[in-house]
There are 2 protein chains.
Amino acid sequence: MKALDAIDRRILTMLQDNGKATNKEIASVLGMSITPIYERIKKMEDAGYIKKYTTVVDKDMLGYHLMAFCNVRLKEHTKEYLERFEEQVAELPEVSECYHVAGNFDYLLKVTVVDMEVYHFFITTKLATLDNIGHVQSSFVMKEVKWEINVPIE
Amino acid sequence: MKALDAIDRRILTMLQDNGKATNKEIASVLGMSITPIYERIKKMEDAGYIKKYTTVVDKDMLGYHLMAFCNVRLKEHTKEYLERFEEQVAELPEVSECYHVAGNFDYLLKVTVVDMEVYHFFITTKLATLDNIGHVQSSFVMKEVKWEINVPIE
DNA sequence: TGTGAAAGACATCGCGA
DNA sequence: TCGCGATGTCTTTCACA
């Protein structure tokens with residue numbers, strides 16, 4: 001697939017805002033007929049521009065009242081140790097995101113749990129027991145100021 | 001709406017995996033007919049358990065090749081200063097997430113940009129020019145080890 | 001590429017158990 | 001609450017410009 005044109009981008013923007021937007025709806029906004037919208041979306045799905053459709057749920061209503069960012073520094077930094085840590089951390093359901101970062105620490109983890117008690121349990125019995133953990137520093141989220149899943153597509 | 005039961009949770013899990021899952025599909029997996037699925041989803045939408053449906057796009061394919069976490073410490077911590085910072089930061093399209101955290105810094109920002117040049121521009125001409133910025137420390141993402149939008153719902 | 005029409009699948013809603 | 005059936009809407013495809 002070639003690069004996206006302006007129409008593709010507008011379609012993506014609308015789909016980010018509402019994953020259930022119908023082809024008809026999009027077509028009318030863009031002043032086109034339904035078929036090309038349908039085909040463009042299909043192409044963007046096949047090409048990988050569209051990774052998935054999902055439903056955003058309210059974490060707080062589901063009982064997840066604590067989110068924390070966890071800075072992790074490892075002791076050893078060989079390829080094998082890094083890969084092992086990444087595999088182990090990816091298995092933990094409490095860890096919703098994990099990034100290998102350049103800076104003061106090696107990894108940044110976003111951890112979502114029910115409450116502080118569960119977080120404490122997570123740190124002491126799950127994270128700290130992984131091999132090769134050097135130093136862990138947590139930042140607790142007091143307020144979610146902004147959370148925007150949509151990528152700006154001009 | 002009362003608390004969710006096991007069936008509601010299984011519906012949410014399926015909808016997180018695939019926002020376009022049809023009622024028919026869900027019904028057949030759960031061994032129920034379509035109507036109760038339809039009604040349960042509608043109730044969860046109305047009650048706010050379901051916040052929105054969206055489309056996940058591939059940031060990298062769209063040209064966003066750099067993600068960074070930006071730790072920000074403010075100079076003054078009065079209510080007015082905090083609110084003002086939060087308002088200003090929420091307006092910045094480069095900032096996809098912003099959290100008020102307890103720890104070494106005041107705020108943690110997730111910044112998504114095209115490349116390092118744009119990031120530099122963002123830091124120097126947009127973030128640093130906000131009122132009341134004390135100290136900024138960036139961690140650049142070298143690798144996204146895990147990114148899981150789905151909340152575990154057992 | 002785009003348009004328009006037609007077939008099939010799905011969402012939506014009223015009624016009965 | 002759930003299941004069934006009717007109706008309107010959407011998706012998907014095809015012939016054609």
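What counts as what
- Residues numbered from 1 in each chain as written.
- Chains lettered and ligands numbered in written order.
- Predicted model: local features only at pLDDT ≥ 70, side-chain atom pairs only at ≥ 80, totals over all residues.
- Heavy atoms only, no water.
- Near = heavy atom within 4 Å.
- Polar contact = N/O pair within 3.5 Å; in protein donor to acceptor, adjacent residues only side chain to side chain.
- Helix = DSSP H or I, 4+ residues; strand = E, 2+ residues; numbered from the N terminus.
- Nonpolar A, V, L, I, M, F, W, Y, C, P; charged D, E, K, R; others polar.

If you look chain A up in an unreviewed UniProt entry, it shows as AsnC family transcriptional regulator from Phaeodactylibacter xiamenensis.

*Asks:* Explain the protein's contact with DNA strand C to me, please; I cannot follow it from the model alone.
*Replies:* If you check the shell around DNA strand C, you find A:Met32, A:Ser33, A:Thr35, A:Pro36, A:Arg40, B:Thr22, B:Asn23, B:Lys24, B:Ile34, B:Thr35 and B:Tyr38 and nothing else. Considering DNA strand C, the proportion of its atoms within 4 Å of the protein that are sugar or phosphate atoms stands at 69%. Here A:Arg40 contributes a side-chain N or O atom positioned 3.1 Å from a phosphate oxygen of DNA strand C. A distance of 3.0 Å separates a phosphate oxygen of DNA strand C from a polar side-chain atom of B:Lys24. If you list the elements that add at least two residues to the surface near DNA strand C, you get α3 (34–47) of chain A together with α2 (23–30) and α3 (34–47) of chain B. For the surface near DNA strand C, the residue count by class is four nonpolar, five polar and two charged.

*Asks:* Could you clarify how one ought to interpret the protein's contact with DNA strand D in this entry?
*Replies:* Taken together, 13 residues sit near DNA strand D, with A:Lys24, A:Tyr38, B:Ser33, B:Thr35 and B:Arg40 positioned nearest. Per the 4 Å cut-off to the protein, sugar and phosphate atoms form 71% of the nearby atoms of DNA strand D. Between DNA strand D and A:Asn23, the relevant distance is 3.2 Å, taken from a phosphate oxygen to a main-chain nitrogen or oxygen of the residue. A distance of 2.4 Å separates a base nitrogen of DNA strand D from a polar side-chain atom of B:Thr35. For the surface near DNA strand D, the secondary-structure elements that each account for two or more residues are α2 (23–30) and α3 of chain A together with α3 of chain B. At four residues, α3(B) tops the list of elements feeding residues into the surface near DNA strand D. Each residue belonging to the surface near DNA strand D can be placed in one class, and the counts come to four nonpolar, five polar and four charged.

*Asks:* Please clarify how unusual backbone geometry should be interpreted in this entry.
*Replies:* Of all residues except glycine, most have a negative phi; of all peptide bonds, most are trans. For A:Asn132, which is not glycine, the phi dihedral falls at a positive 75°. Locating A:Asn132 in the fold gives a position in the loop between α5 (116–127) and β5 (133–147).

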